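Listed below, chain by chain, are the residues.
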Amino acid sequence: MKEKSVINITDGAAIPLKKDPGLFSAWRIAFFGSLSVLAYLLLSRPKPYVDILKFLPDGILVTFQVTFCSIFFALFLGLITGIGRISRNRLINAIASTYVEVVRGIPLLVQLFYIYYALGRFVRVPDIVAAVIAMSFCYGAYMGEVFRAGIESIDKGQMEAARSLGFNPSQSMFYVILPQAWRTILPPVGNEFIALLKDTSLVSILAVADLLRRGREFASETFTYFETYTLIALIYLLITLILSKLVSIMEERLRYYERH
Amino acid sequence: MSATEPVTEPIIRMERVTKNFGTLQALREISLHVHPGEKVVIIGPSGSGKSTLLRSINRLERIDSGHIFVDGQDITDIRNDINKIRMEVGMVFQSFNLFPHKTALQNLTLAPMKLRKIPRAEAEANGLRLLRKVGIEDKASVYPSRLSGGQQQRVAIARALAMNPKIMLFDEPTSALDPEMIGEVLDVMVTLAREGMTMVVVTHEMGFAREVADRVVFMDQGEILEDRPPQVLFQQPSHPRTQKFLSQIL
């Protein structure tokens, strides 16, 4: 019978939560609650709300663009930083550690302004590019800590075994350490992804037409500030709720695999 | 130096090797030669430096002074590619260190495919042959977590052999095993020794040393105190510390 449960996993069968909190879980209340409010507003008062909603898809697209581009570069930067943080080379280690310290000590909004205007002194890049650079720079440091923890969670005998076979340090990392570390890394990366998506709302200050910016544009023309921000809050909430559900499903699956 | 060296040249040559861990002298001016095909067993109390000595041969442990020549190349010389040298030196660890995300067969094929650029089919055929040799061909597609300790260590030996090394190093290969599994691992090692592999083995298995070793090296406090054929060392240990150690362990 053991064999059967193994087949179930490879078939990708739904894996039940260990403890189902039932109908009244916080997530369900928040998700279905906000969905109901959204539906109610659109149906009962289509005049401002449907108009607002029609105005926003461009902004949602930009928010996702900034999020995906930033997470891509942040992951790349984070991998380098994480490896740098555990490097025995003192110079590399110092650079990586200083980067993390500096980024963690400066508010993201200040970093955004700083990189935007510092960059502007040398090159003229589109606002959205400056925004992605700034977000990546900041989140690269956080990701660096995630990668470092993930790599350090792997027994050091693994690196020794790989090296003893003749793999060089980066081959060992790529073929042996990282494929094992991703299980530890993936859930916190998911959470950082959600945090990053929310933080992209800050780029609206840099004239990037993201969800929040589009809302402000609409509101300032029609003076429907309350209605617009209500809708924007609901949209952010629904997106992050869906994403956090995906992350927790992923975590649950990883835990399931680990037990088997 | 001549380009072609006689066969009798030692394949491992350690010259006045010193290694310190802080104030602890792990290796004090160690000199040791191992010739091709020789089986050298290193014994000694814990903390005597025997594992450090073994690990220094493939530079998992960097030495502070002295020289180590492996297959004619000075591994302390940074101009020599240590990764190339390590491909010729198989290592078996006390804690197996199999790759848990790979099946038994994949553990064997990873390094040959990536480092020796051997095609998958050939690497797998060779891997299966080695798994058969260590007696667990039927576990080829099983992940290490589903194998017993003895099976894992046999896969680890096969993994090292898959690179077709000239030398095999064993760092207490049976110390982490349940008693009933020690035999199956030692059997594999005995077979390997009979086939003429050059082996350096750190172990507490005196039976194995007696049966297989050409020389038994006794270490204590970072020094080699005796280096003799097993019959001589076990029958008439000359150094008092060897006598004391043997009386405790036998």
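Residues numbered from 1 in each chain as written. Chains lettered and ligands numbered in written order. Predicted model: local features only at pLDDT ≥ 70, side-chain atom pairs only at ≥ 80, totals over all residues. Heavy atoms only, no water.

Description of the sheet that holds strand β4 (residues 65-70) of chain B
In space, the 4 strands of this open sheet follow the order β2-β1-β4-β5 (chain B), with antiparallel pairing throughout. The strands lining the two open edges of the sheet, one partner per strand, are β2 (24-34) and β5 (73-74) of chain B. (Pairing = 2+ DSSP bridges. Helix = DSSP H or I, 4+ residues; strand = E, 2+ residues; numbered from the N terminus.)

A few points about the layout of surface pockets
Put simply, the largest pocket is a space of about 1,100 Å³. What lines the largest pocket is a set of 26 residues, and nearest its centre among them are I86(A), R88(A), M159(A), R163(A) and P169(A). Secondary structure elements with two or more residues in the lining of the largest pocket: α4 (57-85), α7 (127-152), α8 (156-165) and α9 (169-199) of chain A together with α2 (82-87) of chain B. Element by element, the count of residues in the lining of the largest pocket is highest for α9(A), at 6 residues. (1 Å grid on protein atoms, 1.4 Å probe; cavity = no way out; pocket = protein on both sides within 12 Å on 5 of 7 lines; lining within 4 Å. Points joined across faces, edges and corners; volume = space filled by probe spheres on them.)

Here's the deal with the sheet that holds strand β3 (residues 39-43) of chain B
Residue and element names in this part refer to chain B. The strand order across the open sheet formed by 6 strands is β6-β7-β8-β3-β9-β10, and the pairing between neighbours is mixed. The open sheet has two free edges, formed respectively by β6 (89-92) and β10 (223-228), since each of these has just one partner strand. In this sheet, neighbouring strand axes are inclined to one another by 15 degrees on average, regardless of whether the strands run parallel or antiparallel. In terms of strand pairing, β6 meets strand β7 (residues 167-171) through 4 bridges, oriented parallel. Among the inter-strand pairings, M91 is bridged to a residue of β7, identified as L169. Relative to the sheet, helix α5 (residues 149-161) contacts β6 and β7, its axis offset from that of β6 by approximately 170 degrees. (Axes fitted to C-alpha atoms, helices over the stretch in contact; angles between N-to-C directions. Contact = heavy atoms within 4.5 Å.)

A few points about the interface of chain B and chain A
Taken together, the 24 residues of chain B in the interface contact 19 residues of chain A. Overall, the association of chain B and chain A removes approximately 1,800 Å² of surface from exposure, summing both partners, and the carbon and sulfur fraction of that is 59%. On inspection of chain B and its partner chain A, the count reaches 1 salt bridge. Here E160(A) makes a salt bridge to R55(B), at a shortest N to O gap of 2.6 Å. Linking chain B to chain A there are 5 residue pairs in polar contact (both at pLDDT 80 or more). Among the secondary structure elements, those contributing two or more residues to the side of chain B that touches chain A are α2, β6, α3 (104-115) and α5 of chain B. Classifying every residue of the side of chain B that touches chain A gives 14 nonpolar, 4 polar and 6 charged. (Buried area = accessible area lost by both parts, 1.4 Å probe. Salt bridge = Lys/Arg side-chain N within 4 Å of Asp/Glu carboxyl O. Polar contact = N/O pair within 3.5 Å; in protein donor to acceptor, adjacent residues only side chain to side chain. Nonpolar A, V, L, I, M, F, W, Y, C, P; charged D, E, K, R; others polar.)

Some thoughts on the pattern of salt bridges
One pass over the structure, following the stated rule, counts 28 salt bridges over all chains. Each member of the salt-bridge network shares a partner with another, and the members are D58(A), R213(A), R214(A) and E217(A).

A few points about the environment of N191(A)
All names here are of chain A. Position of N191 among the secondary structure elements: in helix α9. Classification of N191 by relative accessible area gives partly exposed; the value is 44%. C-alpha of N191 to C-alpha of L75: the two residues are 116 residues apart in sequence and 13 Å apart in space. (Buried < 20%, exposed > 50% of the residue type's maximum accessible area, 1.4 Å probe, protein only.)

Focus: the confidence of the model for chain B
Residues shown with low pLDDT carry predicted positions that ought not to be read at fine detail. Residue and element names in this part refer to chain B. With 97% of its residues at a pLDDT of 70 or more, chain B has an overall mean of 93. The low-confidence segment residues 1-6, where pLDDT is below 50, has 0 contacts with residues more than four positions distant or belonging to other chains. Predicted complex metrics record ipTM = 0.92 and pTM = 0.82. (pLDDT = per-residue confidence, 0-100.)

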